[in-house]
Amino acid sequence: MWRLRRAAVACEVCQSLVKHSSRTKGSSPLQKLHLVSRSIYHSHHPTLKFQRPHLRTTFQQFSSLTNLPLRKLKLSPVKYGYQPYRNFWPARLAARLLKLRYLVLGSAVGGGYTAKKTFDQWKDMIPDLSDYKWIVPDIVWEIDEYIDFEKIRKELPNSEDLAKLTPDLDKIVESLSLLKDFFTTGHKLVSEVIEASDLLLFLGSPGETAFRATDHGSESDKPYRKVSDKEKIDQLQEELLHTQLKYQRILERLEKENKELRKLVLQKDDKGIHHRKLKKSLIDMYSEVLDVLSDYDASYNTQDHLPRVVVVGDQSAGKTSVLEMIAQARIFPRGSGEMMTRSPVKVTLSEGPHHVALFKDSSREFDLTKEEDLAALRHEIELRMRKNVKEGCTVSPETISLNVKGPGLQRMVLVDLPGVINTVTSGMAPDTKETIFSISKAYMQNPNAIILCIQDGSVDAERSIVTDLVSQMDPHGRRTIFVLTKVDLAEKNVASPSRIQQIIEGKLFPMKALGYFAVVTGKGNSSESIEAIREYEEEFFQSSKLLKTSMLKAHQVTTRNLSLAVSDCFWKMVRESVEQQADSFKATRFNLETEWKNNYPRLRELDRNELFEKAKNEILDEVISLSQVTPKHWEEILQQSLWERVSTHVIENIYLPAAQTMNSGTFNTTVDIKLKQWTDKQLPNKAVEVAWETLQEEFSRFMTEPKGKEHDDIFDKLKEAVKEESIKRHKWNDFAEDSLRVIQHNALEDRSISDKQQWDAAIYFMEEALQARLRDTENAIENMIGPDWKKRWLHWMNRTQEQCVHNETKNELEKMLKCNEEHPAYLASDEITTVRKNLESRGVEVDPSLIKDTWHQVYRRHFLKTALNHCNLCRRGFYYYQRHFVDSELECNDVVLFWRIQRMLAITANTLRQQLTNTEVRRLEKNVKEVLEDFAEDSEKKVKLLTGKRVQLAEDLKKVREIQEKLDAFIEALHQEK
């Protein structure tokens, strides 16, 4: 019973001590704590919250596990004893009064001492973390610069103040002795009070712990068990892991706040974009250098060795998912088992106030926080890929350049390559596998390219193709980062978890790497958000056996750690190689400038675009010169060209048939009918064609004629292409024919020759036309009968047998005409028989068709000569014309016909000239401008039309200068950032 009472008093004292210590724990002296301890145990202290320092840079930590539960210290409940009720109330009252007094005082002393001893024990339990200082950012070690701990220490009570609160224990013992003598009947109760005071003295004694009152039981009740070394090691490893997780949570909280602050700063800069010129970011400058290098033709042994992160992997290994996790947005088109990446995509990641994406050759921004913009971006990437792929191919080496900006993104340049395949399936080009290998090798053979090798962890490593390719390009693994994806599926399906460790360490295949990472890219649902995937990844690694069994380290998991490691490696490679690349381009520039001075000393260094602008100005000047052609020149050219086009029809189909008539009335009737038919159907169309051809000829003449010393033959191909394309696009006004038909019909209806000058001009026009036809007829007869006697004697030429037959036939037909000069245009059947028999009598066999063909030419020549003689007679016939040929044997209706034709030609030429100068020349000039604008946007067309060593040399020189200038600016900015 005595022991039960002692235990009850002791338990009540300890209970009050524990409660009091829990209330006074926050006021323990902070000045004695280490900085790391303060950052862990007092991360939510008010002073720290209000005096957080300004964040200066992005932290480079390598673990992102969050929300891992800490181990909780489980305390067994305290068991209280009970004692029977007694009726000795004075002793019980005194005992309660004494107990209440000394419990309060003892709690004050024991509570503070208990808190101190508890903290010292917990501090001793923390392992040595000096080797893990890299986990804690510099701001934690420098926190004492921002918080005045000395001031806090002065505000807390010191040991002397606490000693004043301690009661005089000697007086307490003396008072208890008096009570023992006075209350003789309550000896047992007083003894219990004395033992309680002795317990207070025991708790206040130095060198002992106050936590014995809260033990689960006495040492006699709990058997002693020896802890093995293995259990100690496991406990230490678990404590180390939890300590790392504590630090990681602190770092992530600070990084989140840093991200928000940087976003606010960037937004503030974004609002002031119109007030000041923003400075380009370092990664944007570097991306511009890569874009210029991608268009540079390395024909001077200057290769592009600037670093990039080249993402390679087997098809459907998760390359796109890893990139999207790094970019924090679903930006790439997706397909189940189908090849979606058909051409390389260069993604430049940089920081910005808003999460947006834009292409290099476009000004449109896609808001990556909106699902409709994300869908539009994926659709645009897919369209560009299909546009790059040529007909008959599956993949293309042409690169799509995309910039992605957002708060918290790691700055780097990644190139997503098509997935490596083992078998060409249906629908693919036969050379798809080889093309993908060649594209991948072209990027990986860069000695400064960082190879991000993606391996699917859910399939057997032996089925991988990309590992052998990476091993060939980087056998020592000095620039390769290995990433194992779909680790959740691997851990679930693989029977031996150690196999994953062997894959990570590269023991299953001969591939070495600079670093190894394991990531989870979601549950396989394409509609998952990036945030959901990140949470799933963190939850998986919190409970993963790979991390708990130390197969993987904390910095080797999650895509966030991967992004940080790749970015760090990327910038390290950039700093090591960029200056060497700049020096190589300086040497190349010197060689190009020397070559230009030796070959083209008096010419400016104009590249292809500058030459195109110069040619464009010359072409536009030549088009404008069309408007300076005189109206007289236009009309002369148009009239002459139109007559050449219609002269055959006029003479053969109008004049000759009408001239075969017997009288003037029939002649005029025939002429009117045929002219009406000709005007309604053919003449306007022929006139428009003549006008369009005339415009083309004049335009070509201005474009192609040499300009003397100023002429530069380098523009000839371009001018010819512009001329052809402009003429092809130009169409004459559709209303021109209708208006022209009316004008021509009215002109041909007029028969009134006003003066003798017009009459003579008509006769001259008729004689020229008839003489031209007579010459054509003489040539036809000569070709039919062969050379005459002069050519046979002088040039030793002979007639063929057929020509001899034609000659005999011609002679026989001429005899017939001499007998009857008024013979009609056609031979009768009996006349053909007579001619054939006469020739047979001379031993010449002829065919009736040959006789008819010969007669056509012979009679035509006879008719034309007769018409020319008639023209000479009609020179004096204007007087008879004015009298309408009354009482005159001379009839000159054919002269009137040719006057009508001549006047129609003049009026038509005048009308066409007006259409040319007022409308068509301006429309042609507009077409030329449109063609030049289209050619200016078509780089392939300019390369095809502006060629030669001079152009290529100037082009390379400009590119090298641009690259060097951008590299110098980037290097300067890089040094400033350091």
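Residues numbered from 1 in each chain as written. Predicted model: local features only at pLDDT ≥ 70, side-chain atom pairs only at ≥ 80, totals over all residues. Heavy atoms only, no water.

**Some remarks on the overall build of the protein chain**
When helices and strands are tallied, the protein chain shows 35 helices and nine strands. Counting over 978 residues, the protein chain shows a buried share of 44%. Of all intrachain contacts in the protein chain linking residues separated by at least 6 positions in sequence, the fraction that spans at least 24 positions is 82%. Accessible surface computed for the protein chain: about 54500 Å², of which carbon and sulfur atoms make up 51%. (Helix = DSSP H or I, 4+ residues; strand = E, 2+ residues; numbered from the N terminus. Buried < 20%, exposed > 50% of the residue type's maximum accessible area, 1.4 Å probe, protein only. Contact = heavy atoms within 4.5 Å. Areas by Shrake-Rupley, 256 points an atom, 1.4 Å probe, with all protein chains shown as cover.)

**As for the pattern of salt bridges**
Throughout the structure, instances matching the rule amount to 41 salt bridges. For Glu 593, the salt bridge identified is with Arg 961, shortest N-O distance 3.1 Å. Residue Glu 593 is located in helix α20 (residues 559–599), and its partner Arg 961 is located in helix α35 (residues 949–977); the two are separated by 368 residues in the primary sequence. Each member of the salt-bridge network shares a partner with another, and the members are Arg 589, Glu 593, Glu 605 and Arg 961. (Salt bridge = Lys/Arg side-chain N within 4 Å of Asp/Glu carboxyl O.)

**A closer look at the packing of aromatic side chains**
Applying the stated rule across the entire model yields 16 aromatic pairs. Arranged with centres 5.3 Å apart and planes meeting at 65 degrees, the rings of Tyr 655 and Phe 898 form a pair that is edge-to-face. On the criterion of sequence distance, the pair formed by Tyr 655 in helix α22 (residues 631–659) and Phe 898 in helix α33 (residues 893–937) is long-range, its members being 243 residues apart. Like Phe 898, Tyr 655 is buried. (Phe/Tyr/Trp six-rings, centres within 6.5 Å; stacked < 30°, edge-to-face > 60°.)

**A few points about the sheet that holds strand β1 (residues 309–313)**
With mixed pairing, nine strands are arranged side by side in an open sheet as β4-β3-β5-β2-β6-β1-β7-β8-β9. The strands lining the two open edges of the sheet, one partner per strand, are β4 (366–367) and β9 (515–518). (Pairing = 2+ DSSP bridges.)

**Re the pairing of strand β8 (residues 480–485)**
The element β8 is extensively covered by neighbouring structure, given that six of its six residues are classed as buried. Side chains Thr 480, Phe 482 and Leu 484 project from β8 onto one buried face, and the interleaved Ile 481, Val 483 and Thr 485 project onto a second face that is buried too. With four bridges connecting them, β8 and β9 associate as parallel partners. Across the sheet, Val 483 pairs through a bridge with Phe 517, a residue of β9.

**Thoughts on the state of the cysteines**
Counted under the stated rule, the structure contains one disulfide. With its sulfur 2.1 Å from that of its partner, Cys 874 forms a disulfide with Cys 892. An S-S torsion of about -100 degrees defines the bridge between Cys 874 and Cys 892 as left-handed. Highlighted residues: Cys 874 in helix α31 (residues 848–874) and Cys 892 in the loop between α32 (878–882) and α33, separated in sequence by 18 residues. Judged on exposure class, the residue Cys 874 and its partner Cys 892 are both buried. You can see Cys 871 has no disulfide; the closest cysteine sulfur is in Cys 874, sitting 6.5 Å from it. For Cys 871, a relative accessible area of 1% gives the class buried. (Disulfide = S-S within 2.5 Å.)

**Topic: a negative patch on the surface**
The grouping of Glu 398, Glu 930, Glu 933, Glu 937, Asp 938 and Glu 940 at the surface amounts to a negative patch. Here the element with the most residues in the negative patch is α33; it accounts for three residues. Looking at the secondary structure, you find Glu 940 in helix α34 (residues 939–945). You can call Glu 940 exposed: its relative accessible area is 63%. (Patch = residues over 30% accessible without salt bridge, like charges linked within 9 Å, V, L, I, M, F, W, Y side chains within 5 Å. Lys, Arg positive; Asp, Glu negative; His and termini not counted. Charge placed at Lys NZ, Arg CZ, Asp CG, Glu CD.)

**Remarks on helix α18 (residues 530–542)**
Taking 1.5 Å per residue, 13 residues should reach 18 Å; α18 reaches 18 Å between its end C-alpha atoms and fits that length. For α18, the full list of buried residues reads Ile 530, Ile 533, Arg 534, Glu 537, Glu 538, Phe 540 and Phe 541. Within α18, the buried residues cover an arc of 160 degrees as seen down the axis, which keeps them to one side. (Expected span 1.5 Å × (residues − 1). Arc of directions from axis to C-beta.)

**Some points on the environment of Leu 514**
Relative to the assigned elements, Leu 514 resides in the loop between α17 (497–504) and β9. Sequence spacing of Leu 514 and Ile 450 is 64 residues, and the spatial spacing of their C-alpha atoms is 9.8 Å. In this structure, Leu 514 is in contact with Gly 477, Arg 478, Thr 480 and Cys 569, ignoring residues within four places of it in sequence.

**A look at α33**
The end-to-end C-alpha separation of α33 is 62 Å, in line with the 66 Å expected for 45 residues at 1.5 Å each. Considering bend angle alone, the principal kink of α33 is centred on Leu 916 and spans about 45 degrees. (Bend = angle between axes of the 7 residues up to and from the residue.)

**Concerning the nonpolar core**
Core analysis: the largest hydrophobic core is formed by 101 residues, its most contacted members being Trp 643, Tyr 655, Trp 678, Trp 759, Ile 901 and Val 928. Here this core gets 17 residues from one element, more than from any other, and that element is α33. Look past the residues within four positions of Trp 759 in its chain and what remains in contact with it is Ile 753, Cys 874, Arg 875, Gly 877, Phe 878, Tyr 881, Phe 885, Cys 892, Val 895 and Val 896. In terms of nonpolar packing, the next biggest core, distinct from the first, is built from 68 residues, Val 322, Ala 327, Val 347 and Val 519 among them. (Core = buried A, V, L, I, M, F, W, Y, C linked by side-chain atoms within 4.5 Å.)

**Details of the confidence of the model for the protein chain**
Scored by pLDDT, the protein chain comes out at a mean of 75, with 68% of its residues at no less than 70. Taken together, the stretch residues 1–87 has pLDDT below 50 and engages in 160 contacts with residues farther than four places along the chain or on a different chain. Between residues 270–278, whose pLDDT stays under 50, and residues either more than four places distant or in other chains, the model counts five contacts. (pLDDT = per-residue confidence, 0-100.)

**Digging into the environment of Asp 607**
Within the fold, Asp 607 resides in the loop between α20 and α21 (608–624). Residue class for Asp 607 comes out buried when judged on its relative accessible area of 1%. Taking the C-alpha atoms as reference, Asp 607 lies 8.3 Å from Asp 956; in sequence the two are 349 residues apart. Among the polar contacts listed, one links the side chain of Asp 607 to the side chain of Lys 958, at a separation of 2.6 Å. (Polar contact = N/O pair within 3.5 Å; in protein donor to acceptor, adjacent residues only side chain to side chain.)

**Let's talk about the environment of Asp 755**
Inspection of the secondary structure assignment puts Asp 755 in the loop between α26 (735–749) and α27 (756–785). With relative accessibility at 30%, the residue Asp 755 sits in the partly exposed group.

**Considerations on a nonpolar patch on the surface**
A surface patch of nonpolar side chains, about 480 Å² in accessible area, is lined by Trp 789, Trp 793 and Leu 794. Within the element layout of this structure, Leu 794 appears in helix α28 (residues 789–794).

**Overview of the side chain of Thr 341**
Residue placement: Thr 341 occurs in the loop between α12 (319–327) and β2 (345–350). Assessed through its relative accessible area of 9%, Thr 341 is described here as buried. Excluding anything up to four places from it in sequence, Thr 341 contacts Thr 320, Met 385, Asp 416, Leu 417 and Pro 418.

**Some thoughts on unusual backbone geometry**
Non-glycine residue Gln 328 carries a positive phi angle of around 60 degrees. Mapped onto the elements of the fold, Gln 328 is located in the loop between α12 and β2. Phi is positive for Lys 486, which is not a glycine, with a value near 55 degrees. Turning to its location among the elements, Lys 486 is positioned in the loop between β8 and α16 (487–493). Owing to a relative accessible area of 22%, Lys 486 belongs among the partly exposed residues under this scheme.

**Details of the packing of α22 against α31**
Relative to each other, α22 and α31 sit at 80 degrees, their axes nearing to 12 Å. Between α22 and α31, the angle is such that the two are roughly perpendicular. Residues Glu 652, Tyr 655, Leu 656 and Ala 659 of α22 touch α31, and the partners they reach there are Arg 860, Phe 863 and Ala 867. Its residues assigned to classes, the contact of α22 with α31 comprises five nonpolar, no polar and two charged. (Axes fitted to C-alpha atoms, helices over the stretch in contact; angles between N-to-C directions. Parallel < 35°, antiparallel > 145°, perpendicular 65-115°, else oblique. Nonpolar A, V, L, I, M, F, W, Y, C, P; charged D, E, K, R; others polar.)

**Here's the deal with the pairing of strand β3 (residues 356–359)**
Burial along β3 is two-sided: Val 356 and Leu 358 facing one way and Ala 357 and Phe 359 facing the other are all buried. The pairing of β3 with β4 spans two bridges and is classified as antiparallel. Paired with Ala 357 across the strands is Phe 366, a residue of β4. Connecting the antiparallel pair β3 and β4 is a turn made up of six residues. As paired elements, β3 and strand β5 (residues 400–405) share four bridges and run antiparallel to each other. Paired with Phe 359 across the two strands is Leu 402, which belongs to β5.

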